[in-house]
Amino acid sequence: PRALIQAHLGQTTEAREALQGLVAEPRFEDESLYTFMLVQLLETAILLRDRELCTVLAQRLAPVAHLSSTLGAFTCPARHLGGAAALLGEPEKARDYYRQALEEAGKIRFRPEIALTRLQLCELLLEHYPDERAEALEHLDFAIGEFRDMKMQPSLERALSRREILKA
């Protein structure tokens with residue numbers, strides 16, 4: 001998780017070094033590596049825009065995209081797979097994964113994951129589907145309200161900055 005935290009803090013050099021160290025470990029090749037560890041590695045790779053590692057990790061995580069949450073890191077692998085697909089230039093695949101994440105998170109009323117997924121879906125729609133701007137804005141407004149209610153400040157700031165850009 002150190003690499004992930006560093007990536008979120010913008011310490012990209014340190015995060016990249018930590019991530020490379022993790023991937024170089026023999027246990028990385030172990031097929032029984034915990035899903036939550038793979039999800040954290042994928043999230044880190046996405047933040048660092050490491051397309052090669054995203055490809056490898058996405059292939060390993062695709063079979064568990066249907067999970068609602070995982071031990072150790074409460075999240076939906078499908079949301080992260082959507083982020084990887086978006087980074088890899090596969091918007092339709094990303095959209096499908098985001099829809100799957102919304103469905104799975106919705107089953108257990110997982111508010112933070114739903115809000116994060118809707119923000120990412122909004123960003124995808126705005127970038128790749130300009131004709132669907134109205135839907136994108138619905139997702140954005142929903143996410144903003146949820147982030148406010150749940151006091152998810154960094155995510156709220158990201159969503160509000162997206163909203164500000166769209167008003168310009």
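Sequence positions are assigned chain by chain, starting from 1 and proceeding in written order. pLDDT decides what is reported in this predicted model: residues at 70 or higher carry local features, side-chain atom pairs at 80 or more are listed and counted, and totals for whole chains, interfaces and linings draw on all residues regardless. To get the side-chain values, all heavy atoms of the structure are used, and hydrogens and water are removed first.

(A) Looking closely at the packing of aromatic side chains. Side-chain rings of Phe, Tyr and Trp, where Trp is taken by its six-membered ring, are said to pair if the distance between their centres is within 6.5 Å; with planes under 30 degrees apart they count as stacked, over 60 as edge-to-face, and otherwise as tilted. Under the defined criterion, the tally for this structure stands at one aromatic pair. Considering the side-chain rings of Y34 and F36, the 5.7 Å spacing of their centres and the 20° angle between planes classify their relative orientation as stacked. Note on Y34: relative accessible area 53%, which makes it exposed. Here, over-ring charges are defined by two tests on the NZ atom of lysine or the CZ atom of arginine: distance to the ring centre within 6 Å, and angle to the ring normal within 35 degrees. A cation sits over an aromatic face here: R60 above F28, 5.1 Å from the ring centre. Between buried and exposed lies partly exposed: a residue is buried under 20% and exposed over 50% of the maximum accessible area for its type, with that area taken using a 1.4 Å probe on protein chains only.

(B) Main features of the side chain of E104. Helix numbers and strand numbers start at the N terminus; a helix is a DSSP run of H or I with at least 4 residues, a strand a run of E with at least 2. Mapped onto the elements of the fold, E104 is located in helix α6 (residues 91-107). Residue class for E104 comes out buried when judged on its relative accessible area of 8%. Contacts are assigned to residue pairs with any non-hydrogen atoms lying within 4.5 Å of each other. Setting aside residues no more than four positions away along its own chain, E104 makes contact with H66, L67, S68 and C76.

(C) Summary view of the pattern of salt bridges. By convention in these notes, a salt bridge is any Lys or Arg side-chain nitrogen within 4 Å of a carboxyl oxygen on Asp or Glu. One pass over the full model with this rule turns up 10 salt bridges. Salt-bridge contacts for E104 lead to K107; the nearest nitrogen and oxygen are separated by 3.3 Å. Placement of the pair is E104 and K107 together in helix α6, with a separation of three residues, close to one helical turn. The class for K107 is exposed, based on a relative accessible area of 55%. Within this structure, E92, R95 and E132 form a network of salt bridges that share partners.

(D) Molecular detail of the packing of helix α7 (residues 111-128) against helix α9 (residues 153-167). Axis lines are fitted to C-alpha atoms, over the contacting stretch for helices. Their N-to-C directions set the angle, which ranges from 0 to 180 degrees. Contact pair α7 / α9: the axes reach a minimum separation of 11 Å and the direction vectors enclose 25°. Classed by the angle they form, the pair α7 and α9 counts as roughly parallel. In the packing of α7 onto α9, the handedness of the crossing is left-handed. Contacts between α7 and α9 involve L116, L119, Q120, E123 and L126 on the former and, on the latter, S155, R158, A159, R162 and L166. Polar here means any residue outside two lists: the nonpolar Ala, Val, Leu, Ile, Met, Phe, Trp, Tyr, Cys and Pro, and the charged Asp, Glu, Lys and Arg; Gly therefore counts as polar. Classifying every residue of the contact of α7 with α9 gives five nonpolar, two polar and three charged. An angle below 35 degrees is treated as roughly parallel, one above 145 as roughly antiparallel, one from 65 to 115 as roughly perpendicular, and anything else as oblique. Crossings are sorted by hand: turned counterclockwise from the far helix by less than a right angle, the near helix makes the crossing left-handed, and turned clockwise it makes it right-handed.

(E) Local environment of the environment of G145. In this fold, G145 is placed in helix α8 (residues 133-150). Judged by relative accessible area, which is 27%, G145 ranks as partly exposed. Along the backbone, G145 and L156 are 11 residues apart, and their C-alpha atoms lie at a distance of 8.5 Å.

(F) Fine view of the side chain of H80. Residue placement: H80 occurs in helix α5 (residues 77-87). On the basis of relative accessibility, which here comes to 3%, the residue H80 falls in the buried class. H80 has contacts with V39, L42, E43, I46 and T75, leaving out every residue within four places of it along the chain.

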